[in-house]
Amino acid sequence: MTVVALDDKRREAAIWDLLEEVPDPEVPALSIRDLGVVRDVRVAENGAVRLAVTPTYSGCPATAAINLSIRDRLLRAGYDNVAIDTVLAPAWTTDWISDEGKRKLRDYGIAPPVGKAADEGAGRGTLFGADPDVPCPHCGSAATEKVSEFGSTACKAQYRCMDCLEPFEYFKCI
Amino acid sequence: MTTATDIDRKSLTEYLLRLGDTSLILGHRLSEWCGHGPVLEEDIAMSNIALDLIGQARLLYTYAGTVEGEGRDEDDFAFKRDVTDWKNLLLAEQPNGDFAATMVRQFLIDCFNVELYTSLSKSTDTELAAIAAKSLKEVTYHRRHSGEWIIRMGDGTDESHRRVQRALDDHWIFVDELFETDALDAAIVAAGIGPDLKSLRPAWDSMVDRVLAEATLTRPQTDFPRSGGRTGSHSEYLGFILSDLQFMQRAYPGMEW
Ligand SMILES: [Zn+2]
């Protein structure tokens, strides 16, 4: 029993490692694993893989591309029996982006989500909620302002730094 | 999964189509702004909101097809139904008009959607509850966006104030329909699937009044409310939307790309 469980863990870990190599199609600095959209990995003894993947936003066009990229990477590693279940609950939250993912976002020039979506007063829940203070990913200045709540992809807002004057994107806390 | 146990499949399918149709038609209206927005940021914002709404419609249609059990999928619902089969709110199909009209239409529905999806996220139907919980995160952002514009325009210049007040006056005849209920709603409430829409009104009123006050706008009165969307009686605009939305599938049935 213990040995089998250990083998299960080892097989699953191999899949998680491969997911680390699958870039997000819209924010390639992040891996699918960093993004936190893969909620469960199961590998049978015969090598059949079953994944649970949750979409980021309902209308995110990347959802189909993400599933395709996962299949492609696993197939190249020899996994030819892959099932992907789409799960909606619990709904994806930026709280699931790994710390490593947040660091990668910042290095890439995108400000990572500030605070936790689960916390009250994250600015999102209320119409009159204050915007979070988003530090500039380029120079670290706290003097930034929101340009628009919406950006080049569903997950981002547009900001501007008042010190280095660079525009930047903010990965919205959701 | 709890589905269609206390309610028949036909009723639940119909209810899901009502929700999905309002999302898709409003999303389609917003998509008409793509490339025509007053400024680049708003062009992007409206396209993003359209994407969210169309995505929500896809989830609702896909689930409706599963519940119905007759093999229809999201494309069948979107592309192969004529005007009287559509059950969206009349407000959603109203023309874009100017930016003020679009934001007023959006704000009134966003405030409704926040209350509706808050309630649906506690539905006894677990799949609908999951779709609602996901949608709620999105419509909360939408309301924040449209609400800020109502305030900015209402409390802005004389011209912007005049336009947004006119848009409010023009759209107010469609507000009562949001909270209107019929026998299907009663069955939905009885099965614990969805809220009594009338019960959402106080929270909606309170949010709308608060924003209108901040925007120095006057809440309109109407003696002549319009309704009929949920039963398929639409304004003349829906046919024109469908002729655009459905053209490819009508001209080249079954085409894929
Ligand atoms: Zn800076």
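Residues numbered from 1 in each chain as written. Chains lettered and ligands numbered in written order. Predicted model: local features only at pLDDT ≥ 70, side-chain atom pairs only at ≥ 80, totals over all residues. Heavy atoms only, no water.

J.: Go over the sheet that holds strand β7 (residues 167–171) of chain A with me, naming the residues and quoting the values.
T.: Pairing between the strands of a sheet comes from backbone hydrogen bonds, and it takes one of two forms, parallel or antiparallel. Spatially, four strands are ordered β4-β7-β6-β5 (chain A) in an open sheet, and the strand pairing comes out mixed. Unpaired on one side and paired on the other, β4 (110–111) and β5 (144–148) of chain A mark the two borders of the sheet. (Pairing = 2+ DSSP bridges. Helix = DSSP H or I, 4+ residues; strand = E, 2+ residues; numbered from the N terminus.)

J.: Report on the side chain of B:Q94, specifying residues and quantitative values.
T.: All names here are of chain B. Residue placement: Q94 occurs in the loop between α4 (90–93) and α5 (99–120). Under the relative-accessibility criterion, Q94 is labelled buried at 6%. Residues in contact with Q94, not counting those within four places in the same chain, are R29, R105, H171, F174, S235 and Y237. (Buried < 20%, exposed > 50% of the residue type's maximum accessible area, 1.4 Å probe, protein only. Contact = heavy atoms within 4.5 Å.)

J.: Tell me about the domain arrangement of chain A, residues and numbers included.
T.: Residue and element names in this part refer to chain A. Partitioning chain A into structural domains gives domain 1 (3–86) and domain 2 (94–171). Distance from the C-alpha centre of domain 1 to the C-alpha centre of domain 2: 27 Å. Roughly 1,100 Å² of surface becomes buried between domain 1 and domain 2 when both sides are summed, with 67% attributable to carbon and sulfur atoms. Area buried by domain 1 at its contact with domain 2 is led by V27, A29 and D34, which between them contribute 40% of it. (Domains from an automatic or database assignment. Buried area = accessible area lost by both parts, 1.4 Å probe.)

J.: Mind laying out helix α3 (residues 62–76) of chain A, listing which residues take part and the relevant values?
T.: Residue and element names in this part refer to chain A. Over its 15 residues, α3 extends 21 Å from the first C-alpha to the last, a length consistent with the 21 Å expected when each residue adds 1.5 Å. For α3, the complete set of buried residues consists of A62, I66, N67, I70, R73 and L74. Relative to the axis of α3, the buried residues are bounded by an arc of 145 degrees and lie together on one face. Across α3 from its buried face, at more than 90 degrees, point the exposed residues A64, L68, L75 and R76. Positive phi shows up at G78, right after α3, with a value of about 100 degrees. (Expected span 1.5 Å × (residues − 1). Arc of directions from axis to C-beta.)

J.: Give a detailed account of the packing of aromatic side chains, specifying residues and quantitative values.
T.: Taken as a whole, this structure holds eight aromatic pairs over all chains when the rule is applied. Between A:Y159 and A:F168 the ring centres are 5.8 Å apart and the planes differ by 25 degrees, which places this aromatic pair in the stacked class. Each member of the pair, A:Y159 together with A:F168, is buried. In this structure an aromatic cluster arises from ring pairing among B:F112, B:W172, B:F179 and B:W204. The positively charged end of B:R81 is found above the aromatic ring belonging to B:W86, 4.3 Å away from the centroid. (Phe/Tyr/Trp six-rings, centres within 6.5 Å; stacked < 30°, edge-to-face > 60°. Lys NZ or Arg CZ within 6 Å of the ring centre and 35° of its normal.)

J.: Now, about the interface of chain A and chain B: what can you tell me, with residues and values included?
T.: Chain A puts 32 residues into the contact, and the matching count from chain B is 32 residues. Roughly 2,600 Å² is buried in total at the junction of chain A and chain B, and carbon and sulfur atoms are behind 62% of that figure. Along the contact surface separating chain A from chain B lie two salt bridges. Inspection of the chain A/chain B interface yields eight residue pairs in polar contact (both at pLDDT 80 or more). Here the side of chain A that touches chain B takes three residues from β5(A), the largest share from any one element. (Salt bridge = Lys/Arg side-chain N within 4 Å of Asp/Glu carboxyl O. Polar contact = N/O pair within 3.5 Å; in protein donor to acceptor, adjacent residues only side chain to side chain.)

J.: Pulling in residues and values, what's your account of the nonpolar core?
T.: Ranked by size, the top nonpolar core spans 81 residues in total, and within it B:Y15, B:L108, B:F112, B:L128, B:I150 and B:W204 carry the most contacts. Looking at this core, the element that brings in the most residues is α5(B), giving 14 residues. In this view, B:F112 contacts B:L89, B:L178, B:F179, B:L197, B:L200, B:W204 and B:R230; residues no more than four positions away in its chain are not counted. Ranked by size, the runner-up nonpolar core spans 33 residues in total, among them A:V38, A:Y57, A:I84 and A:I110. (Core = buried A, V, L, I, M, F, W, Y, C linked by side-chain atoms within 4.5 Å.)

J.: Hey, could you go over the packing of helix α1 (residues 9–31) of chain B against helix α11 (residues 237–245) of chain B for me, with residue numbers and the actual values?
T.: All names here are of chain B. One way to put it is that α1 packs onto α11 with a least axis distance of 11 Å and a crossing angle of 75 degrees. In terms of orientation, α1 and α11 fall into the roughly perpendicular class. In contact with L24, I25, H28 and R29 of α1, α11 contributes Y237, L238, I241, L242, D244 and L245. Residue composition of the contact of α1 with α11, by class: seven nonpolar, one polar and two charged. (Axes fitted to C-alpha atoms, helices over the stretch in contact; angles between N-to-C directions. Parallel < 35°, antiparallel > 145°, perpendicular 65-115°, else oblique. Nonpolar A, V, L, I, M, F, W, Y, C, P; charged D, E, K, R; others polar.)

J.: Could you give me a rundown of helix α7 (residues 158–171) of chain B, with the residues and numbers involved?
T.: Its 14 residues give α7(B) an end-to-end C-alpha distance of 20 Å, which sits within 8% of 20 Å, the value for a rise of 1.5 Å per residue. Buried residues along α7(B) sit against α4, α5, α6 (126–154), α8 (175–178) and α10 (201–214) of chain B.

J.: Tell me what's going on with the layout of surface pockets, and back it up with residues and numbers.
T.: Within this model, the largest pocket holds a volume of roughly 1,200 Å³. Residue assignment for the lining of the largest pocket shows that the elements contributing at least two residues are α3 of chain A together with α1, α2 (40–68), α3 (74–79) and α6 of chain B. For the lining of the largest pocket, the residue count by class is 19 nonpolar, eleven polar and eight charged. (1 Å grid on protein atoms, 1.4 Å probe; cavity = no way out; pocket = protein on both sides within 12 Å on 5 of 7 lines; lining within 4 Å. Points joined across faces, edges and corners; volume = space filled by probe spheres on them.)

J.: Tell me what's going on with the coordination of the zinc ion, and back it up with residues and numbers.
T.: Residue and element names in this part refer to chain A. Distances from the zinc ion to its protein donors, C136 (SG), C139 (SG), C161 (SG) and C164 (SG), fall at 2.3 to 2.4 Å. Expressed as a motif, the donor residue spacing for the zinc ion is C-x2-C-x21-C-x2-C. Taken together, the positions of C139 in the loop between β4 and β5 and C161 in strand β6 (residues 156–161) put the pair 22 residues apart, joining distant regions of the chain. For C139, a relative accessible area of 41% corresponds to the partly exposed category. For C161, a relative accessible area of 0% corresponds to the buried category. (Donors = N, O, S within 2.8 Å, 3.2 Å for Na, K, Ca; no water.)

J.: For the pairing of β7(A), give the residues involved together with the corresponding values.
T.: Residue and element names in this part refer to chain A. Alignment of β4 against β7, held across two bridges, turns out to be parallel. Of the residues in β7, the one forming a bridge with I110 is E169. As paired elements, β6 and β7 share five bridges and run antiparallel to each other. Within the sheet, the bridge partner assigned to A157 lies in β7 and is Y170.

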